[in-house]
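Observations on the three-dimensional arrangement
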Amino acid sequence: MANLKIKSSAQTAKKSNATAGRKPTVKSLYSKADLEEIFRRFSIQRPEPKGELEHVNPFTLVVAVALSAQATDAGVNKATRALFAIADTPQKMLDLGEERIREYIKTIGLYRNKAKNVVALSEKLITDFGGEVPRTREELMTLPGVGRKTANVVLSMAFGQATMAVDTHIFRIANRLLLAPGKTPDEVEQRLMKIIPDQYLYHAHHWLILHGRYCCKARKPECERCVIADLCRSPEKTWDIPAPLVELPAQIIGTQAGA
Ligand code: SF4
């Protein structure tokens with residue numbers, strides 16, 4: 001990490017003003033060609049990556065993402081299937097009430113507090129946003145239980161905006177591969193947004209999560225199965241021959257969802 005020179009946000013902001021419309025340059029351990037190749041390979045493996053949290057509209061997506069903090073997607077899906085079948089709007093959620101919401105989500109960690117937040121965010125959506133999910137990060141982050149990561153997921157999955165919601169997998173990969181090292185998720189988010197080639201930015205978030213979940217795993221990366229093993233600069237890498245580049249079997253949303 002020592003030989004990485006990444007500009008401070010202040011410097012970057014200055015540069016971005018000076019070069020409006022162009023991506024500010026961030027020096028990375030990876031060349032532009034390497035970055036293009038890494039994301040090209042991810043795009044072949046998973047041409048249409050999808051998030052694994054089940055939802056039926058933007059509102060249920062906000063709720064699902066808020067519930068997923070410190071819980072697995074699979075665990076959240078299991079609980080929300082029945083909940084969303086009867087409450088898929090802020091008003092229906094309020095009508096259901098905190099106590100019954102708690103019953104539906106009691107298998108999810110921190111469920112008491114999360115049930116409170118679901119009620120509070122439903123209320124706020126009705127009073128401040130006419131019952132609709134807002135489309136800006138700033139507005140989304142005014143909702144109880146919604147932080148920057150949740151807002152980024154919603155902007156991407158519900159509204160098609162290119163964002164980088166840094167979860168545990170992305171944070172690990174960015175640092176492990178020295179791709180966009182940073183001490184905080186915000187730092188990693190800013191750096192990834194700058195180095196990822198534009199044409200891959202929209203799907204990059206899901207590619208990195210799925211790569212982390214199924215290949216570059218937390219305890220032990222499975223480098224023999226990795227399609228970027230030759231390009232990876234991680235000191236933890238155990239193999240440097242890339243795995244065959246083929247499209248992976250279709251994701252089965254909800255049944256493969258992991259942490
Ligand atoms: S080679 Fe290993 S450490 Fe590098 S990205 Fe692949 S799985 Fe992760």
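Keep in mind that what you see is a predicted model, and the values were worked out from it rather than measured. (Residues numbered from 1 in each chain as written. Predicted model: local features only at pLDDT ≥ 70, side-chain atom pairs only at ≥ 80, totals over all residues.)

Some points on the overall build of the chain
Stated formally: A run of H or I in DSSP becomes a helix once it reaches four residues, and a run of E becomes a strand once it reaches two; helices and strands are each numbered from the N terminus. Three exposure classes are used. Buried residues have 20 or more other C-beta atoms within 10 Å of their own C-beta, exposed residues have 12 or fewer, and partly exposed residues fall in between, all C-beta atoms being placed from the backbone.
Secondary structure summary: the chain contains 12 helices and 0 strands in total. Expressed as a percentage of its 259 residues, the buried residues of the chain come to 36%.

Regarding the site of the ligand
As a reminder, the rule being used: The criterion for a residue being near a molecule or strand is simple: its C-beta atom, placed using the backbone, must lie within 6 Å of it. Classes in brief: Ala, Val, Leu, Ile, Met, Phe, Trp, Tyr, Cys and Pro nonpolar; Asp, Glu, Lys and Arg charged; the others, Gly included, polar.
By nearness alone, 14 residues border the ligand, and Cys216, Pro221, Cys223, Cys226 and Cys232 come closest of all. Residue composition of the shell around the ligand, grouped by class: 9 nonpolar, 1 polar and 4 charged.

Regarding helix α4 (residues 73–86)
Working note: α-helix, 3.6 residues per turn, so residues spaced by three or four point in the same direction. How we decide: One less than the number of residues in a helix, times 1.5 Å, gives the span that helix is expected to have. We define the bend at any residue as the angle between the axes fitted to the seven residues before and including it, ending there, and the seven starting there. Whether two residues are in contact is decided by their C-beta atoms, placed from the backbone, lying within 7 Å.
With 14 residues, α4 should reach 20 Å at 1.5 Å per residue; the first-to-last C-alpha distance of 20 Å fits that figure. If you look at α4, its biggest bend is around 40°, right at Thr80. On its buried side, α4 packs onto α3 (58–67) and α6 (98–105).

A look at the environment of Thr163
Checked against the element boundaries, Thr163 lands in the loop between α9 (148–159) and α10 (168–176). Residue class for Thr163 comes out buried when judged on the 22 C-beta atoms lying within 10 Å of it. Between the C-alpha atoms of Thr163 and Met193, which are 30 residues apart in sequence, the distance is 7.7 Å.

Examining unusual backbone geometry
Within the chain, Leu110 stands out as a residue other than glycine whose phi angle is a positive 60°. Among the structural elements, Leu110 can be located in the loop between α6 and α7 (111–129). Phi is positive for Leu178, which is not a glycine, with a value near 60°. Its location among the elements puts Leu178 in the loop between α10 and α11 (185–195).

Regarding the nonpolar core
We count it as follows: Definition of nonpolar core: a set of buried Ala, Val, Leu, Ile, Met, Phe, Trp, Tyr and Cys residues joined via C-beta atoms within 7 Å.
Ranked by internal contacts, the top residues of the largest apolar core, which has 61 residues, are Val62, Val154 and Ala174. For this core, the leading source of residues is α3, giving 8 residues. Setting aside residues no more than four positions away along its own chain, Val154 makes contact with Pro58, Leu61, Val62, Val65, Val133 and Leu140.

Thoughts on the packing of α6 against α7
Which entries qualify depends on this criterion: To obtain an axis, a line is fitted to C-alpha atoms, over the contacting stretch when the element is a helix, and the angle between two such axes runs from 0 to 180 degrees between their N-to-C directions. Working definition: roughly parallel below 35 degrees, roughly antiparallel above 145 degrees, roughly perpendicular at 65 to 115 degrees, and oblique for all remaining angles. Crossing handedness is read from the near helix: turned anticlockwise from the far helix by less than a right angle, it gives a left-handed crossing, and turned clockwise, a right-handed one.
At their nearest, the axes of α6 and α7 sit 9 Å apart, and the two run at 130° to each other. Of the possible angle classes, the one that applies to α6 and α7 is oblique. Between α6 and α7 the crossing geometry is right-handed. Two secondary-structure elements touch here, α6 through Glu98, Ile101, Arg102 and Ile105 and α7 through Tyr111, Arg112, Lys114, Ala115, Lys116, Val118 and Val119. Residues that form the contact of α6 with α7 fall into these classes: 6 nonpolar, no polar and 5 charged.

Topic: the environment of Arg225
Topologically, Arg225 is positioned in the segment after α12 (201–214). With 14 C-beta atoms packed within 10 Å, Arg225 lands in the partly exposed category. Residues Arg225 and Ile241, spaced 16 residues apart in sequence, show a C-alpha to C-alpha distance of 9.2 Å. Residues within four places of Arg225 in sequence aside, it is in contact with Cys215 and Ala243.

Brief notes about the confidence of the model for the chain
Just so we agree on the cut-off: Residue-level confidence of the predictor is what pLDDT reports, using numbers from 0 through 100.
Averaged over all residues, the pLDDT of the chain equals 88, while 86% of them reach at least 70. When the criterion is pLDDT under 50, residues 1–22 qualifies, and its contacts beyond four places in sequence or with other chains add up to 17 contacts. Overall, residues 252–259 carries pLDDT values under 50, and its contacts beyond four positions in sequence, including any with other chains, amount to 18 contacts.

So, helix α2 (residues 32–45)
Compared with an ideal rise of 1.5 Å per residue, which puts 14 residues at 20 Å, α2 spans 20 Å between its outermost C-alpha atoms and is within 8% of the ideal. At its buried positions, α2 is contacted by α12.

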